[in-house]
Amino acid sequence: MTKWTKDRIIADAHENNVHFIRLMFTDIRGTIKNVEIPLTQLEKALENNMTFDGSSIEGFVRIEESDMYLIPDYDSWMIFNWDVPSDGGRIACLICDVDTTRREPFLGDPRGNLRRVLDKMEDLGFSSFNLGPEPEFFLLKLDEDGRPTMDLNDDGGYFDFAPTDLGENCRRDIVLELERLDFEIEASHHEVAPGQHEIDWKYNDAIRACDKIQLFKLIVKTVARRHNLYATFMPKPIYGESGSGMHFNVSLFDKDGKNAFYDESTPDQLSKNAHYFIGGLIKHASAYTAICNPLVNSYKRLVEGYEAPVYIAWSERNRSPLIRIPSSRGNSTRVELRSVDPSANPYLALAVILQAGLDGIENKIEPPMPIDRNIYTMTPEERMAEGVFDLPSSLSEAIAEFEASPIMRDALGPHISGNFIAEKTMEFESYKKQVTQWELNKYLMMY
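Note that this is a predicted model, so its numbers are computed, not measured.

Definitions and cut-offs
- Residues numbered from 1 in each chain as written.
- Predicted model: local features only at pLDDT ≥ 70, side-chain atom pairs only at ≥ 80, totals over all residues.
- Heavy atoms only, no water.
- 1 Å grid on protein atoms, 1.4 Å probe; cavity = no way out; pocket = protein on both sides within 12 Å on 5 of 7 lines; lining within 4 Å.
- Points joined across faces, edges and corners; volume = space filled by probe spheres on them.
- Helix = DSSP H or I, 4+ residues; strand = E, 2+ residues; numbered from the N terminus.
- Patch = residues over 30% accessible without salt bridge, like charges linked within 9 Å, V, L, I, M, F, W, Y side chains within 5 Å.
- Areas by Shrake-Rupley, 256 points an atom, 1.4 Å probe, with all protein chains shown as cover.
- Salt bridge = Lys/Arg side-chain N within 4 Å of Asp/Glu carboxyl O.
- Lys, Arg positive; Asp, Glu negative; His and termini not counted.
- Charge placed at Lys NZ, Arg CZ, Asp CG, Glu CD.
- Buried < 20%, exposed > 50% of the residue type's maximum accessible area, 1.4 Å probe, protein only.
- Contact = heavy atoms within 4.5 Å.
- Core = buried A, V, L, I, M, F, W, Y, C linked by side-chain atoms within 4.5 Å.
- Phe/Tyr/Trp six-rings, centres within 6.5 Å; stacked < 30°, edge-to-face > 60°.
- Pairing = 2+ DSSP bridges.
- Expected span 1.5 Å × (residues − 1).
- Arc of directions from axis to C-beta.

S.K.: Could you give me a rundown of the layout of surface pockets, with the residues and numbers involved?
M.R.: By volume, the largest pocket is sized at about 880 Å³. Secondary structure elements with two or more residues in the lining of the largest pocket: strand E7 (126-142), strand E9 (185-190), strand E10 (196-201) and strand E13 (246-254). In terms of residue count, the dominant contributor to the lining of the largest pocket is E7 (6 residues).

Structure representation (structure tokens):
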């Protein structure tokens, strides 16, 4: 991997006819924002002297504290494979952290907040935390005005191919675009629902993995438009079909670079740290659900019958619990958290997941016994006897669980936690006031 310096970036920009640079960052809601600058301002940006109005960004700062600095991460430099339409020049990007006017890390920056939790991880004797995500999305047709419709692009199912899978060419173009940006693609395929797709790539360290999730969403939406399609990462856009998840495969490494979840001497080849990490994930599951599933719509996905997890449990083989342990061992030993959906802010989601797992390690929290049978077929009494509890069933319930957890609030810090709770509470209150089509269909003629 190229180690970028200021001089190398400037030279690369000139050599590749770059005319504009997007200085990108992510707000609390997980939306990518950017300040676009011409090439003439690149050196200023690389010297950390580019400011923007933070009061215009949801959940950032008040208007009297508005000026903020964008701090480019040199190693995020990349040039997109499309030109400026007017002159044929190219567009590049740098992913940025956010600083205050005092030149201190802004506590409301999700990327910077994840760094803070990673520092705690290092204080506990670990060197890195890796993430391999599995994001899913739907491809919808556009109308004559370029607006998304609810017409799916195909009627395909799991692992189908053309002519049933009509998204195949679009998916291939997405893969090609991602590979040009140094994504190491491992698989791409049609998912369970009609019009639903998944593309997986090789794991990265925590910060870079989250950066790539954000870039992935941008590329998927951009390429889909070229095919006259709209890509949505909404968790459950279609009633009666499986929703879109973004399983998080995570692994922790010690100071010697060894996988801290692997121990060949145990029957399941999982270390004590792996079990404690799982214990932390189980204990705090209800509290971090609001962050990993942040929309009203997220809870339309977390229901029985559509492959999404509903119950707080773990297993090595079973795909119905919240946590699964894939069969790979050695350096590939990992924990798969199956509840996360693609609407989540990846930096915030990974911060709460890591914090939960580290709490398990610090306090030696033993997980309950694994559940190796289909939880969906168990009676409520059987689940109770096994200590299997439900995930929150609504955004309101999840917010309450998050607010009641000092450890999860600490994972995001008071600025992000406070703004998140306030915004999501307002979102749910707005939802409660709506009269839905379901209610009209059900009750209008009955009463």
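S.K.: Tell me about a negative patch on the surface, and name the residues and values.
M.R.: A cluster of like negative charges, contributed by Glu 304, Asp 390, Glu 397 and Glu 401, occupies part of the molecular surface. Structurally, Glu 304 is set in the loop between helix H8 (298-301) and strand E14 (311-312). Accessibility expressed as a relative area gives 36% for Glu 304, which makes it partly exposed.

S.K.: Which residues make up the environment of Gly 280, and what values go with them?
M.R.: Positionally, Gly 280 belongs in helix H6 (residues 272-283). Between the C-alpha atoms of Gly 280 and Ala 411, which are 131 residues apart in sequence, the distance is 13 Å. When near neighbours in sequence (up to four residues on either side) are disregarded, Gly 280 contacts Ala 356, Gly 360 and Ile 365.

S.K.: Can you tell me about the nonpolar core, naming the residues and giving the values?
M.R.: Membership of the largest hydrophobic core comes to 96 residues, with the highest contact counts inside it found for Phe 129, Phe 248, Leu 252, Tyr 288 and Ile 323. With residues near it in sequence (within four places) discarded, Leu 252 still touches Met 121, Phe 126, Ser 128, Phe 129, Lys 258, Asn 259, Ala 260, Phe 261, Phe 277, Leu 354 and Ile 361. Membership of the second largest hydrophobic core comes to 23 residues, among which are Phe 25, Ala 45, Leu 70 and Val 98.

S.K.: Could you give an account of the pattern of salt bridges, naming the residues involved and the relevant values?
M.R.: Enumeration over the complete set of coordinates arrives at 22 salt bridges. Arg 22 is the partner of Glu 36 in a salt bridge, and the nearest nitrogen-oxygen pair spans 3.7 Å. Residue Glu 36 is located in strand E2 (residues 32-38), and its partner Arg 22 is located in strand E1 (residues 18-26); the two are separated by 14 residues in the primary sequence. Among the residues examined, Glu 36 registers a relative accessible area of 40% and is labelled partly exposed. A network of salt bridges, in which partner residues are shared, links Asp 73, Asp 97, Arg 111, Arg 115, Arg 208 and Asp 211.

S.K.: So what's going on with the packing of aromatic side chains? Which residues, and what values?
M.R.: Tallying each qualifying case throughout the model produces 14 aromatic pairs. Note on Trp 201 and Phe 216: the rings are 4.8 Å apart at their centroids and 40° apart in plane angle, and the pair reads as tilted. With Trp 201 in strand E10 and Phe 216 in helix H5 (residues 206-226), the pair connects residues that are 15 residues apart, well separated along the chain. In this pair, the class of Trp 201 matches that of Phe 216, namely buried. With a centroid separation of 5.8 Å and an interplanar angle of 50°, the aromatic rings of Phe 428 and Tyr 431 are classed as tilted. Remark: Tyr 431 and Phe 428 occur in helix H12 (residues 406-432); sequence separation between them is 3 residues, near one turn of the helix. On the basis of relative accessibility, which here comes to 13%, the residue Phe 428 falls in the buried class. Take Tyr 431: its relative accessible area is 32%, and that puts it in the partly exposed class.

S.K.: Can you lay out a nonpolar patch on the surface for me, pointing to particular residues and giving the numbers?
M.R.: Taken together, the side chains of Val 435, Leu 440, Leu 444 and Met 445 make up a nonpolar region of the molecular surface, amounting to roughly 460 Å² of accessible area. Counting through the fold element by element, Met 445 comes out in the segment after helix H13 (437-443). Judged by its relative accessible area of 78%, Met 445 falls in the exposed class.

S.K.: Outline unusual backbone geometry, listing residues and values.
M.R.: Even without a glycine there, the phi angle at Gln 269 is positive, about 60°. Relative to the helices and strands, Gln 269 resides in the loop between E13 and H6.

S.K.: I'd love a proper account of the pairing of E2, names of residues and values included.
M.R.: Looking at chain direction, E1 and E2 are connected through 7 bridges and run antiparallel. By the bridge assignment, Ile 21 is partnered in E2 with Ile 37. The turn joining E1 and E2, which pair antiparallel and follow one another in sequence, is formed by 5 residues; a positive phi near 90° is taken by Gly 30.

S.K.: Give me helix H3 (residues 110-123): which residues, what numbers.
M.R.: Taking 1.5 Å per residue, 14 residues should reach 20 Å; H3 reaches 20 Å between its end C-alpha atoms and fits that length. Within H3, the full set of buried residues consists of Pro 110, Arg 111, Asn 113, Leu 114, Val 117, Leu 118 and Met 121. Down the axis of H3, the buried side of the element spans an arc of 160°, and every buried residue falls inside it. Note on H3: the residue one or two positions beyond its end, Gly 125, has a positive phi of about 100°.

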